[in-house]
Amino acid sequence: MAKYKYKAENEKDRCVACGVCVKVCPKSAISIYKGCYAVINEEECVGCGICGKNCPAGVIHKVENKEYVK
Amino acid sequence: MWVVSATYFALGFFNIVFAWFGVICFLIPLLIAIFGGGKQYCNHYCGRGQLFLKIGNSLGWSKGRLAPRWLSSKYFRHGFLVFFLFFFVQMVWLTVEVAKGIETLHETIHLMWSFDVPWHWAYRTEITPWKAQFAFGLYGIMLTSLIVGVILTIVYRPRTWCVFCPMGNMTQQISKLKAGKK
């Protein structure tokens, strides 16, 4: 069961792996997988959306967490 | 690291010989990627990327708008890489011609892939002509990407340049190849 209403989702095929999201994530929930793309640790992600606002490619999105139950 | 990048451009303005340090920015990221370090260079060390963040975020010059989506498309990124390599090869070719004595030294900076800007004041110490030609050529490439990058940082988000940076693209392709093999 998810704790937060939103979560970050990355379009892996368009991600350029620049690492901006890793730098801005307040929960250190993002890492770059072998220089290929950014991976979001869903356990840590609180869905704040800061990564999405800073992503220069605009490929990380704040989306509704479907597993979230009130 | 952004200080290093800013220093590089300042030094090249006064003495073109320093432009040779730019080779580091081409070799290190490739070597890191080849030896399995992924995009550590982009992620932690790229002085230019940090300079864009400094200008865009710390100085607050960036409008923070999202760049058009086609910038991150494979076609544009690879297309720009080919475009970039074409001009890189052309620059090396001119260096070779100067070394052979076919061409004379151009004391200009080739900006935005089209304009030749006079830069003779930076040629202070007499060095072998081809070495000087390579310095002028490389500095032109570096300065062009800085100008494009700063404009993109201001109009869009900081580090929008990174979306289609030829070096970043090359290191990512190497990383993908390496990750795919395992």
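Look a little higher up for the structure.
Residues numbered from 1 in each chain as written. Chains lettered and ligands numbered in written order. Predicted model: local features only at pLDDT ≥ 70, side-chain atom pairs only at ≥ 80, totals over all residues. Heavy atoms only, no water.

**Q** Would you take a moment to explain the side chain of Gln133(B) for this structure?
**A** With respect to the element layout, Gln133(B) can be found in helix α6 (residues 129-155). Among the residues examined, Gln133(B) registers a relative accessible area of 3% and is labelled buried. (Helix = DSSP H or I, 4+ residues; strand = E, 2+ residues; numbered from the N terminus. Buried < 20%, exposed > 50% of the residue type's maximum accessible area, 1.4 Å probe, protein only.)

**Q** What am I meant to see in a nonpolar patch on the surface here?
**A** All names here are of chain B. Together, Leu-11, Phe-18, Phe-21, Ile-24, Leu-27, Ile-28, Leu-31, Ile-34 and Phe-35 make up a nonpolar patch on the protein surface, roughly 830 Å² of accessible area in all. Among the elements that make up the nonpolar patch, the one with the highest residue count is helix α2 (residues 22-34) (five residues). Its place among the elements puts Phe-21 in the loop between α1 (2-14) and α2. (Patch = residues over 30% accessible without salt bridge, like charges linked within 9 Å, V, L, I, M, F, W, Y side chains within 5 Å. Areas by Shrake-Rupley, 256 points an atom, 1.4 Å probe, with all protein chains shown as cover. Salt bridge = Lys/Arg side-chain N within 4 Å of Asp/Glu carboxyl O.)

**Q** For this particular structure, what's the right way to read the packing of aromatic side chains?
**A** The geometry of an aromatic ring pair comes down to the distance between the two centres and the angle between the two planes. Per the counting criterion, the structure on display carries 27 aromatic pairs over all chains. Connected via pairs of aromatic rings, a cluster forms that spans Trp70(B), Phe76(B), Phe80(B), Phe83(B), Phe86(B), Phe87(B), Trp113(B), Trp161(B) and Phe164(B). For the cation-ring pair, Lys62(A) lies above Tyr6(A), with the distance from its terminal atom to the ring centre recorded as 4.7 Å. (Phe/Tyr/Trp six-rings, centres within 6.5 Å; stacked < 30°, edge-to-face > 60°. Lys NZ or Arg CZ within 6 Å of the ring centre and 35° of its normal.)

**Q** Is there a simple way to think about the pattern of salt bridges in this case?
**A** Two side chains carrying opposite charge are able to pair once their charged atoms lie near each other. Within the structure shown, the criterion is met by two salt bridges over all chains. For Lys7(A), the salt bridge identified is with Glu42(A), shortest N-O distance 3.6 Å. In this pair, Lys7(A) sits in strand β1 (residues 6-10) while Glu42(A) sits in the loop between β3 (37-40) and α2 (50-54), placing the two residues 35 residues apart along the sequence. On the basis of relative accessible area, Glu42(A) is assigned to the partly exposed category, the value being 47%. The residue Arg69(B) makes a salt bridge to Glu11(A) at a minimum N-O spacing of 2.5 Å. Taken together, the residues span two chains, with Arg69(B) in the loop between α4 (47-58) and α5 (74-100) and Glu11(A) in the loop between β1 and α1 (20-24). Looking at Glu11(A), the relative accessible area reads 19%, which means it is buried.

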